[in-house]
Amino acid sequence: MNPPIPLFFAFSLALVGCLVTASVNRADDFSSDESETTLKARYESMFKIGVAASPFLLKGPLADHVKRQFNSLTPENCMKPEALYRGDGNYNFREADELVNFAQANGLAVRGHTLVWHSQTPRQFFCDEQGKQLGKDALYNRLEKYMTDVLTHFKGKVYCWDVVNEALADGGPILYRTESPWYKICGKEYIAEAFRLAHKIDPDIKLFYNDYNLINPVKRDRAVAMLKELKDANVPIDGVGMQAHWDIGSFNPQELQNSIDAFAALGLEVHITELDMSVYSLYHGPDNEKRNQSMAQKTYTPELASLQAEKYAEAFAVLRRNAGKVTGVTFWGASDRFTWLNHFPRPGRKDYPLLFDDDNQPKKAFYRVIEF
Ligand code: XIL
């Protein structure tokens, strides 16, 4: 079955922006998990096991939990242009440096996220000092300066970057997200330009294209068309990041396998970059009542936990089979307490999408993932 493309999801992603980051709990008021086996040990011979976090969370027991279970770290927000860019030549590297220092002190690799995106990028990035929209050449100059400064700052500390994030549209006659300021100003060429610049500035880092819904056949085909064009034009691109914001209702392991095959056939590495398995399946049809029902708060029952564990088991069976093609798997959050899905798509609706509960304790799904 082909799940419908969640257009709503696309728009909401763009809107969610910084709203979500504000309301999180203290990181030091609960304990570390006591599981005997860890994710990173279990998967050591296959691929990196990563987690997304913000530096203010990397304290106390949550820091212990991250150190214990994971060997790769993605900045959930603090390396996005919104966090770094303060006008030409001015940057705020404070939080990002804190995160990198934590990773270095504890032997975690860092996945950079993200350089070129329509969302979480300040409006001023696309405007001159008078607030007038830049032309193509001026925007490319700004991009080159930004990428040079950022990639040089993190040189040797960040091993790969999501160079371009979410450039594709979910549907419609044009492959690309035409409402993006990048597309509006530069056309589709900005994508190739960003990869060429990144490679010129630092040929040692791995360069990824990152997007969501890539196990949906329609979106996958769109991604393959774009990536093939880039590869044919010798654009330096090493891999595809599949965000993997999945849910227990529509996750389909065969489609995951099909996408891995399609990307590997283009000679690209695959990273699972933002894995979570929501217990909610959003209804995308026209019936408002159904839609509201699909958004309503659920109780995390033992049945739901078992179903989720089953879905995670299916996903990791595919990922293990494809170790070598898949070279990294990153969870988008360290525990259910700190998942962005507690704030998205409905603020305040609790979700339970990860392997560790609110107190960092391993859930049923954790045991299914390490049991093989
Ligand atoms: C999300 C973060 O998790 C939130 O804290 C923030 O408020 C909005 O962005 N796709 C991406 C990620 O590439 O950067 C997004 O992260 C989730 C969707």
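Data block above holds the structure.
The structure presented is a predicted model; accordingly, all values stated were derived computationally and were not measured. (Residues numbered from 1 in each chain as written. Predicted model: local features only at pLDDT ≥ 70, side-chain atom pairs only at ≥ 80, totals over all residues. Heavy atoms only, no water.)

K.L.:
Whenever I open this one, helix H5 (residues 94-106) confuses me. Can you help?
P.N.:
The periodicity of an α-helix, 3.6 residues per turn, causes residues three or four places apart in sequence to face the same way. Between its first and last C-alpha, H5 extends 19 Å over 13 residues, near the 18 Å set by a 1.5 Å rise per residue. For H5, the full list of buried residues reads Ala 96, Leu 99, Val 100, Phe 102 and Ala 103. Projected down its long axis, H5 shows its buried positions confined to an angular sector of 155°, all on one face. Opposite the buried face of H5, by more than 90 degrees, sit the exposed residues Arg 94 and Ala 105. Of the residues trailing H5, Gly 107 is marked for its positive phi of about 70°. (Helix = DSSP H or I, 4+ residues; strand = E, 2+ residues; numbered from the N terminus. Expected span 1.5 Å × (residues − 1). Buried < 20%, exposed > 50% of the residue type's maximum accessible area, 1.4 Å probe, protein only. Arc of directions from axis to C-beta.)

K.L.:
Looking at this structure, how should I read the pairing of strand S8 (residues 269-278)?
P.N.:
A regular strand carries its side chains on alternate faces of the sheet. When you tally the buried positions in S8, you get ten out of ten residues, the bulk of the element. Pairing of strand S6 (residues 239-242) with S8, which is carried by four bridges, proceeds in the parallel orientation. Following the sheet pairing, Gly 241 is matched in S8 by His 271. Examined bridge by bridge, strand S7 (residues 245-247) and S8 share three bridges and lie parallel to one another. (Pairing = 2+ DSSP bridges.)

K.L.:
How should I be thinking about the packing of helix H6 (residues 136-153) against helix H8 (residues 189-201) in this particular structure?
P.N.:
What describes two packed helices is the angle between their axes and the distance between those same axes. Where H6 contacts H8, the two axes come as close as 10 Å, and the packing angle between them is 35°. In this structure, H6 meets H8 at a crossing whose hand is right-handed. Note on element contacts: H8 touches H6 through Glu 189, Tyr 190, Glu 193, Ala 194, Leu 197, Ala 198, Lys 200 and Ile 201, opposite Lys 136, Tyr 140, Leu 143, Glu 144, Met 147, Thr 148, Leu 151 and Thr 152. (Axes fitted to C-alpha atoms, helices over the stretch in contact; angles between N-to-C directions. Left-handed = near helix turned anticlockwise from the far one by under 90°. Contact = heavy atoms within 4.5 Å.)

K.L.:
What is the right way to look at the pairing of S6 in this model?
P.N.:
A two-sided burial pattern is seen for S6, the buried positions comprising Gly 239 and Gly 241 on one face and Val 240 and Met 242 on the other. For strand S5 (residues 206-211) and S6, the ladder comprises four bridges, and the chain directions are parallel. Across the sheet, the residue bridging to Asn 210 is Gly 241, located in S6. Remark: the S5/helix H9 (residues 217-232)/S6 crossover connection has right-handed handedness. (Right-handed = clockwise from strand over helix to strand, strands pointing away.)

K.L.:
So what exactly am I meant to see when it comes to the packing of aromatic side chains here?
P.N.:
Here a ring pair, both rings aromatic, is described through the centre-centre distance and the interplanar angle of the planes. Throughout the structure, instances matching the rule amount to 25 aromatic pairs. The interplanar angle of 80° and the centroid separation of 5.2 Å between the aromatic rings of Phe 126 and Trp 182 together place this pair among those described as edge-to-face. Of this pair, Phe 126 sits in the loop between strand S3 (109-116) and H6 while Trp 182 sits in helix H7 (residues 181-186); the two residues are 56 residues apart in sequence, bridging distant segments of the chain. Phe 126 gets classed as buried once you look at its relative accessible area, which sits at 6%. Relative to Tyr 352, the ring of Tyr 300 has its centre 4.6 Å away and its plane inclined at 10°; by these criteria the two rings are stacked. (Phe/Tyr/Trp six-rings, centres within 6.5 Å; stacked < 30°, edge-to-face > 60°.)

K.L.:
Just to check I follow, could you spell out the environment of Gly 131 for this structure?
P.N.:
As for its placement among the helices and strands, Gly 131 is situated in the loop between S3 and H6. With 165 residues separating them in the primary sequence, Gly 131 and Ala 296 have C-alpha atoms 42 Å apart.

K.L.:
Just to check I follow, could you spell out the nonpolar core for this structure?
P.N.:
In summary, soluble globular proteins display a tendency toward joint burial of nonpolar side chains. In this structure, Leu 227 and Phe 316 are the most contacted members of the largest nonpolar core, which totals 106 residues. Leu 227 has contacts with Tyr 209, Ile 237, Val 240, Phe 263, Leu 266 and Leu 268, leaving out every residue within four places of it along the chain. Membership of the second largest hydrophobic core comes to five residues, among which are Ala 52, Trp 332, Trp 340 and Phe 344. (Core = buried A, V, L, I, M, F, W, Y, C linked by side-chain atoms within 4.5 Å.)

K.L.:
Looking at this structure, I do not really get empty space enclosed by the protein. What am I missing?
P.N.:
This structure, assessed with the given rule, holds two cavities of 30 Å³ or more. Quantified by volume, the second largest cavity comes out at close to 30 Å³. Along its surface, the second largest cavity is lined by Ala 52, Ala 53, Leu 57, Leu 62, Glu 76, Gly 333, Ala 334 and Phe 338. For the lining of the second largest cavity, the residue count by class is six nonpolar, one polar and one charged. (1 Å grid on protein atoms, 1.4 Å probe; cavity = no way out; pocket = protein on both sides within 12 Å on 5 of 7 lines; lining within 4 Å. Points joined across faces, edges and corners; volume = space filled by probe spheres on them. Nonpolar A, V, L, I, M, F, W, Y, C, P; charged D, E, K, R; others polar.)

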